[in-house]
Amino acid sequence: MTTDTLVPIPIEDWEELRNLYQHNWPHNEPTYNLIQNYIDWHRIDRKLKDFRIYSLNGTWRQNGTFVVQDLYLLFFYSLDKTNDTVRRALDLVDWDYSWQVSAYHDTHRAVMLEIIKKHKLQLIFDIATESRYLRKEDALQFSIEVPAGICLRPLSGEDAVKANSLWPHRAKGSEFLLKRLALWNASVGLFDETTNEMLAWCFRLTPGAHGALEVPTEHRRKGYGTLVTKAMAVKLANMGCNSYGFVLTTNAASIAMFHNLGFENVAAWKQLRDLYRQDWPQHEIAYHTVHNYIYWTEHDPHITRTLIVYSLNGSWWQNGTYIIIDHTDVFMYTLEPSGTTLKRMLQLLDWHHSYLMNMCLYRDLVLDAYRLHQLPIAFDSEDVIYCVPHHVAHEFRYELPAGLSLQRIEPHYARFIYNQWLNKAVGTEYFIERLLRWNVSMGLFCERTRDPLAWCIRTQNGALGLLGVVAQRKGYGSLVIKAFARRLAEQGYSTYASVRHTNMASRRLFEKLGFSVVGEASWLKNMKGTFDGIELRKAIKS
């Protein structure tokens, strides 16, 4: 049996290693830029002090796994979804040395915690960050206005010394690190032209991120942090690079600043969503569900107060299993054929609430949870899932009767649609208004009265929903469905719809329009549980 060893990756192979991370950006972009950073640095100084890139047994070509040791910093990355290679590589690191493990992905956190436990390491700090991302094209739209008496210029080695003295994360070796960053990487400093006082600064870290961004206390609330962030983004864009920063999840001020500048939240949700790109379009609904909530939270971060995305023990990256709870609406999906992870998650939900399972593909698992928690069923509909591919819907043609028009439905029509809807419940009007505000909708309107005669809206999972018609048997329902499907097709999306199995009239309508059956789903709603499940959940967790 071969003994594992950490083998240095030769300098001449660094570009090949870097190119393994050319795909799936922005997720792999910091890894690509990290390697490129050291390629650039090696051209400047061919004897980089205290620096090595290692692989496990020289197998980096198989799955891109590598470990970087640079002064007191340790980076590691891998394309191995099992995490076996990176686990074995980290096990060989000399943990008698105090490393600052930096910028690793959430998908590797469980492995890092295993190593900490196995080697009985004492943590000095454990800081969670979220990624904020800005495309170079957007950065080039920035207008930078510098106040009179102040100037922007690159940082020097002396500036790095001051920056390190005020850096909350300074450590032994950090001053040397910041000096290298100032001399060899892009940087921006804001200075008083009269006194030469440094008022704000930003470095480009080795993984390519904005970092060590700081404004001294006496100069805060003047917009200086925003100014140097914009200047750095423009500088990087002119170099052909995108901008991103790793922001502490507890730093509300920085999060707000990046958000206001247009930096997107590139967090685990996008990585979770992208797991469902495989075998397209088999998992298209699961993909669009996560994408919908990414879009919504970017437009209104406050919705996260009533929105939760669950995984089991943080293991979403292994099999894509998730449960989303949005008020009382529940969406769930998994890539795990056995459904074991999803079953365990359903057992752990707080069933003292009444949930509506939306277009659920896992009927048996939900019913098992109902039985386990002794939950009465308030609503149960077995549906058929219909789909029309975007290339088919793109060819849909229709003629508008005189005096009628097709257009997006404005949010103020939520009350009207609510009054027409049969499935009213507490919060329904808000639910409709939210869909109208952010999602695609199609309404057929009387131009004289401005009243809607028929409508449909794209729901959270991307499906056609809330189909309604005021005047029956005039073909208005067919008209809005065709117009809606064509609108989605123009955006590159197929159209899905969930129709009750016994609703033969609706089923014939969709089939006549060219939709075909692609699966089955259930809509289930439980009554609030009264069974004391505390001991049960303890047993399940153990």
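Keep in mind that this is a model prediction, so the values were computed, not measured.

1. Quick look at helix 5 (residues 109–118)
Line of reasoning, step 1. Turning to helix 5, its buried residues are V111, M112, I115 and I116. The buried side chains of helix 5 occupy one side of the element, clustering within an arc of 140 degrees when seen end-on. Exposed residues on helix 5 whose side chains face more than 90 degrees from its buried face are K117 and K118.
Line of reasoning, step 2. The inward-facing, buried residues of helix 5 abut strand 4 (73–77), helix 4 (84–91) and strand 5 (100–101).
Line of reasoning, step 3. Looking one or two places after helix 5, you find K120, whose phi comes out positive at around 55 degrees.

2. Some details on a nonpolar patch on the surface
Line of reasoning, step 1. On the surface, a nonpolar cluster with roughly 320 Å² of combined accessible area is contributed by I124, F125 and I127.
Line of reasoning, step 2. With respect to the helices and strands, the residue I127 is situated in the loop between helix 5 and strand 6 (129–134).
Line of reasoning, step 3. Taking the relative accessible area as the measure of exposure, I127 reaches 37% and is therefore partly exposed.

3. Let's talk about the packing of helix 7 (residues 157–165) against helix 8 (residues 174–184)
Line of reasoning, step 1. Taken N-terminus to C-terminus, the directions of helix 7 and helix 8 make an angle of 140 degrees; their axes are 8 Å apart at the nearest point. One finds that helix 7 runs oblique with respect to helix 8. In the packing of helix 7 onto helix 8, the handedness of the crossing is right-handed. Across the interface between the two elements, G157, A160, V161, A163 and N164 of helix 7 pack against S174, E175, L178, K179, A182 and L183 of helix 8.
Line of reasoning, step 2. Considered class by class, the residues forming the contact of helix 7 with helix 8 number six nonpolar, three polar and two charged.

4. Focus: the domain arrangement of the protein
Line of reasoning, step 1. The assigned domain composition of the protein is domain 1 (6–126), domain 2 (132–265), domain 3 (280–378) and domain 4 (386–525).
Line of reasoning, step 2. Domain 1 and domain 2 are separated by 25 Å when their C-alpha centres are compared.
Line of reasoning, step 3. The partner domain 2 presents 21 residues to the 19 residues of domain 1 that form the contact.
Line of reasoning, step 4. The contact between domain 1 and domain 2 buries some 1600 Å² in all, and 64% of this surface belongs to carbon and sulfur atoms.
Line of reasoning, step 5. By the criterion of area lost to domain 2, the three top residues of domain 1 are W41, L71 and Y72, representing 35% of everything that side buries.
Line of reasoning, step 6. In this structure, the connection of domain 1 to domain 2 is made through one salt bridge.
Line of reasoning, step 7. Here D70 and R180 are joined by a salt bridge, their closest N and O atoms 2.8 Å apart.
Line of reasoning, step 8. Between domain 1 and domain 2 we count six residue pairs in polar contact (both at pLDDT 80 or more) in total.
Line of reasoning, step 9. At the level of elements, helix 2 (29–44) and strand 4 are the ones that each hand at least two residues to the side of domain 1 that touches domain 2.
Line of reasoning, step 10. The dominant element in the side of domain 1 that touches domain 2, judged by the number of residues it contributes, is helix 2, at eight residues.
Line of reasoning, step 11. Each residue belonging to the side of domain 1 that touches domain 2 can be placed in one class, and the counts come to twelve nonpolar, three polar and four charged.

Conventions used here
- Residues numbered from 1 in each chain as written.
- Predicted model: local features only at pLDDT ≥ 70, side-chain atom pairs only at ≥ 80, totals over all residues.
- Heavy atoms only, no water.
- Buried < 20%, exposed > 50% of the residue type's maximum accessible area, 1.4 Å probe, protein only.
- Helix = DSSP H or I, 4+ residues; strand = E, 2+ residues; numbered from the N terminus.
- Arc of directions from axis to C-beta.
- Contact = heavy atoms within 4.5 Å.
- Patch = residues over 30% accessible without salt bridge, like charges linked within 9 Å, V, L, I, M, F, W, Y side chains within 5 Å.
- Areas by Shrake-Rupley, 256 points an atom, 1.4 Å probe, with all protein chains shown as cover.
- Salt bridge = Lys/Arg side-chain N within 4 Å of Asp/Glu carboxyl O.
- Axes fitted to C-alpha atoms, helices over the stretch in contact; angles between N-to-C directions.
- Parallel < 35°, antiparallel > 145°, perpendicular 65-115°, else oblique.
- Left-handed = near helix turned anticlockwise from the far one by under 90°.
- Nonpolar A, V, L, I, M, F, W, Y, C, P; charged D, E, K, R; others polar.
- Domains from an automatic or database assignment.
- Buried area = accessible area lost by both parts, 1.4 Å probe.
- Polar contact = N/O pair within 3.5 Å; in protein donor to acceptor, adjacent residues only side chain to side chain.

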